[in-house]
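What follows is each chain in one-letter form.
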Amino acid sequence: EAGVTQSPRYAVLQEGQAVSFWCDPISGHDTLYWYQQPRDQGPQLLVYFRDEAVIDNSQLPSDRFSAVRPKGTNSTLKIQSAKQGDTATYLCASSFRGGAEQFFGPGTRLTVL
Amino acid sequence: AQSVTQPDARVTVSEGASLQLRCKYSYFGTPYLFWYVQYPRQGLQLLLKYYPGDPVVQGVNGFEAEFSKSNSSFHLRKASVHWSDWAVYFCAVSIHQGGRALIFGTGTTVSVSP
């Protein structure tokens, strides 16, 4: 069974540029999470979905961040006008029926210069 | 507010020695608790999980953890550390918010000396 996949694995941007991250959860998992992990810190929840519906996006940092999951399968996290403070690894995870155990992808490591 | 505290940012142990990593949680409710490991440039891998029941849970690669409600703790242990255990370890609590999100601690980096 394939795990959670994410792309790209790495991204380097100048401040002000936009970037999108893509996540494909484990097949059949209806709940999808996005976490931000700054260097030397633990992951912090940004947003999560049940199917295509947003359950909680209260932790998205600002209007510069948006996330969608239009068909309840793959998801895209987008940062408009990136800032140096957005430098972090962005992790995607999925679970079955909102179960407690989450399965993580390898992450996208973002550097904003 | 819910939180997880890992008081040790870094631990160095000799190969073959025992290891204990501390985790304290704050959560009003029945906690579901997890330990994840993160190897360099990789995502998080589940070591073990606690669902309400037996307080001692076994995980992969010889790891085990013990839940204590009275101490609000979920400490991780391993009897004999291998060099391949060099990694960052995260404790997390699952909170119910219309689904189940994870709140993570700041992590403990384990270094293994020969």
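You'll find the structure just up there.
Residues numbered from 1 in each chain as written. Chains lettered and ligands numbered in written order. Predicted model: local features only at pLDDT ≥ 70, side-chain atom pairs only at ≥ 80, totals over all residues. Heavy atoms only, no water.

Engineer: Just checking my understanding: could you explain the side chain of Thr31 of chain A for this structure?
Structural biologist: All names here are of chain A. As for its placement among the helices and strands, Thr31 is situated in strand 4 (residues 31–37). A distance of 3.1 Å separates a polar atom in the side chain of Thr31 from a polar atom in the side chain of Asp30. Looking at Thr31, its side chain comes within polar contact range of the side chain of Arg50, at 3.0 Å. The residues touching Thr31, leaving out its near neighbours within four places in the chain, are Tyr48, Phe49, Arg50, Arg69, Ala93, Ser94, Ser95, Arg97 and Gly98. (Helix = DSSP H or I, 4+ residues; strand = E, 2+ residues; numbered from the N terminus. Polar contact = N/O pair within 3.5 Å; in protein donor to acceptor, adjacent residues only side chain to side chain. Contact = heavy atoms within 4.5 Å.)

Engineer: Sorry, what's going on with the state of the cysteines here?
Structural biologist: Each disulfide consists of a covalent bond between the sulfur atoms of two cysteine residues. All names here are of chain A. Tallied over the entire structure, the rule returns two disulfides over all chains. Between the sulfur of Cys23 and that of Cys92 lies a disulfide, 1.9 Å long from S to S. For the disulfide bridge between Cys23 and Cys92, the dihedral angle about the S-S bond is near -70°, and by the sign convention the bridge is left-handed. Of this pair, Cys23 sits in strand 3 (residues 19–24) while Cys92 sits in strand 9 (residues 88–95); the two residues are 69 residues apart in sequence, bridging distant segments of the chain. In this structure Cys92 comes out as buried when scored by relative accessible area, which is 0%. (Disulfide = S-S within 2.5 Å. Buried < 20%, exposed > 50% of the residue type's maximum accessible area, 1.4 Å probe, protein only.)

Engineer: Even after reading the chapter, I still don't get the pattern of salt bridges, so can you show me in this structure?
Structural biologist: Side-chain pairs of opposite charge can arise where the charged atoms are in close proximity. Residue and element names in this part refer to chain A. Overall, the coordinates contain seven salt bridges over all chains when judged by the stated rule. Across the salt bridge formed by Arg64 and Asp86, the nearest N and O atoms sit 2.7 Å from each other. Placement of Arg64 in the loop between strand 6 (53–56) and strand 7 (65–68) and of Asp86 in the loop between strand 8 (75–79) and strand 9 is noted, with a sequence separation of 22 residues between them. (Salt bridge = Lys/Arg side-chain N within 4 Å of Asp/Glu carboxyl O.)

Engineer: Even after reading the chapter, I still don't get the interface of chain A and chain B, so can you show me in this structure?
Structural biologist: The figure often quoted for interface size is the accessible area lost as the parts come together. In this complex, chain A contributes 24 residues to the contact, which on the side of chain B involves 22 residues. Interface area for chain A against chain B, summed over the two sides, is near 1600 Å², with a carbon-plus-sulfur share of 50%. Considering only the side of chain A, the residues that lose the most area to chain B are Ala100, Glu101 and Phe104 of chain A, jointly responsible for 31% of the buried surface there. Inspection of the chain A/chain B interface yields one salt bridge. (Buried area = accessible area lost by both parts, 1.4 Å probe.)

Engineer: Is there a simple way to explain the sheet that holds strand 1 (residues 5–7) of chain A in this structure?
Structural biologist: Sheet strands line up and pair through hydrogen bonds in the backbone, either parallel or antiparallel. All names here are of chain A. Read from one edge to the other, the open sheet built from four strands follows the order 1-3-8-7, with strand pairing classed as antiparallel. Two strands lie at the open edges of the sheet, namely strand 1 and strand 7, each paired on one side alone. For this sheet the average axis-to-axis angle between neighbouring strands, irrespective of direction, equals 15°. (Pairing = 2+ DSSP bridges. Axes fitted to C-alpha atoms, helices over the stretch in contact; angles between N-to-C directions.)

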